[in-house]
Amino acid sequence: MSNEYVQYGCGFCAPTTWLNFDGSPTLRFERLPLIGRFYTKNAKRFPSNVRYGDITRGLPVAPNSCRAIYCSHILEHLALDDFETALQNTFMYLKPGGVFRFVLPDLEQSARDYLADGSAQAASRFMEASCLGEKTRKRGLRGLLTAWLGNSAHLWMWDQKSMTEALQKHGFIDIRRATFGDAEDSRFNEVEEIRRFNGCLAMQCRKALLVTGHS
C-alpha cells in the first residue's frame, strides 16, 4: 500500500496498492468491536483494508503528499458546499504535479437522452437515471435509518463545462475529459472500472508544479 495513491469513496473496490477511504456509516458499524462482526447493511462487507474517512471532513493524509487521487461516483452525492470542500481538500493533499482523476454521471448526456426520448416515459426515465427523485418516501424509524445510512441520492449534477470551471477555481490545471484506461500513470488501472465510465463524465486534472494563489 502506498500513501502516495489515495482513493476516497472507494466502496468495495480497494486494491492493497492504494490507501482506500470510505465515508459510509455502514463501514463504521462494521468496525465496531464485537457487534460489528455481525452487522452489515450490504450483501458483502467492506474489505479489511478500507479505512473510514470523509473527504469533506478531511482525511488523515498529509498535505502535498499524494502522487494521485481518485474517486468514482462520489462528487455527485455531495451538496454544493461540501463539493467545494472536497475539491479544496483534494488539491491540498496532492503533491505539486499530482494527478486527480474522477468519474461521475454526465448531466449533459442525461439531458440529451431526455430530449431525444419522445415517449411519455421520458421524464420518469430521466428522474430515475439521474437519481434526482424517489418513487417512494420511506417513513418512520426505518426510513430515518435508511436515509442516514444510505447516500444514493444525487445532490448536485455536473457537466464538463461546469466541472471545468469548478476545478479551475480551486487551482487545478491541465483539465481534460478522460476515458477509461487513458491515464499516463498506469497505477490508475488498479482502481478504475470500465462499467463505472460507461455513459458518464470522467475527467483528469493536476496540481501545478509551482502553485500560485487561487480563489
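Coordinates for the structure precede this section.
Because the structure is a prediction, the values reported are computed rather than measured. Residues take numbers from 1 onward in each chain, read along the sequence in its written order. The model is predicted, so local features are restricted to residues of pLDDT at least 70 and side-chain atom pairs to those at 80 or more, both for listing and for counting; the totals for chains, interfaces and linings are taken over all residues. Hydrogens and waters are ignored; side-chain quantities use all the structure's heavy atoms.

1. Considerations on the overall build of the chain
Moving on, step 1. Regarding its fold elements, the chain presents 7 helices and 7 strands.
Moving on, step 2. Secondary structure elements in the chain, listed N-terminal to C-terminal, are β-β-α-β-β-α-β-α-α-α-α-β-α-β.
Moving on, step 3. Out of the 215 residues in the chain, the part that is buried amounts to 42%.
Moving on, step 4. In what follows, residue pairs with any heavy atoms lying within 4.5 Å of each other are defined as contacts. At a minimum sequence separation of 6, the contacts of the chain that also span at least 24 residues come to 75%.
Moving on, step 5. The accessible surface values rely on the Shrake-Rupley method and a 1.4 Å probe; as for residues, cover is taken only from the protein chains in view. Just so you have it, the chain exposes about 12100 Å², and 55% of that area is on carbon and sulfur atoms. By the criteria applied, helices consist of DSSP H or I runs no shorter than four residues and strands consist of E runs no shorter than two, each listed in order from the N terminus. Throughout this description, buried means an accessible area under 20% of the type-specific maximum (1.4 Å probe, protein chains only), exposed means over 50%, and partly exposed covers the range between.

2. Quick word on the pattern of salt bridges
Moving on, step 1. Salt bridges, as used here, are contacts in which a Lys or Arg side-chain nitrogen is within 4 Å of a carboxyl oxygen on Asp or Glu. Under the counting rule described, the total for this entry stands at 13 salt bridges.
Moving on, step 2. The shortest N-O distance in the salt bridge between R125 and D117 comes to 2.8 Å.
Moving on, step 3. Because the salt bridges share partners, they merge into one network encompassing R101, R176, D182, E184 and E192.

3. Describing the sheet that holds strand β5 (residues 94-105)
By definition, the strands of a sheet pair up through backbone hydrogen bonds, in either a parallel or an antiparallel sense.
Moving on, step 1. Strand pairing is assigned whenever DSSP identifies at least 2 bridges connecting the two strands. Within the open sheet, the 7 strands sit side by side as β3-β2-β1-β4-β5-β7-β6. Their pairing is mixed. The open sheet has two free edges, formed respectively by β3 (50-52) and β6 (172-177), since each of these has just one partner strand. Going from strand to strand, the sheet's axes swing by 20° on average, the running direction of each strand aside.
Moving on, step 2. Pairing of strand β1 (residues 5-8) with strand β4 (residues 66-72) involves 3 bridges; the strand directions are parallel. Throughout, an axis means a line fitted to C-alpha atoms (over the contacting stretch in the case of helices), and angles, computed between N-to-C directions, take values from 0 to 180 degrees.

4. A closer look at the packing of aromatic side chains
Working definition: an aromatic ring pair is given by the centre-to-centre distance plus the angle between the planes.
Moving on, step 1. Within 6.5 Å between ring centres, the rings of Phe, Tyr and Trp (the latter by its six-membered ring) count as paired, and their orientation is classed by plane angle as stacked under 30 degrees, edge-to-face over 60, tilted in between. As enumerated under the stated definition, the model contains 10 aromatic pairs in all.
Moving on, step 2. Ring centres 5.2 Å apart and planes at 65° place the aromatic pair Y5 and W18 in the edge-to-face group. You can see Y5 sitting in strand β1 and its partner W18 sitting in the loop between β1 and β2 (19-22), a full 13 residues away along the chain. The exposure classification of Y5 matches that of W18, with both residues buried.
Moving on, step 3. Residues Y114 and F126 carry aromatic rings whose centres are separated by 5.6 Å and whose planes lie at 50° to one another, so their mutual orientation is tilted. Residue Y114 is located in helix α3 (residues 107-116), and its partner F126 is located in helix α4 (residues 122-130); the two are separated by 12 residues in the primary sequence.
Moving on, step 4. Following the ring pairs from residue to residue traces out a cluster consisting of Y5, W18, Y70 and F188.
Moving on, step 5. Charge-over-ring contacts are defined here by two conditions on Lys NZ or Arg CZ: a distance within 6 Å of the ring centre and an angle within 35 degrees of the ring normal. The lysine or arginine in question, R101, covers the ring of F188, its NZ or CZ lying 5.6 Å from the ring centre.
Moving on, step 6. Between K207 and the ring centre of F91, over which it is positioned, the NZ or CZ distance is 4.9 Å.

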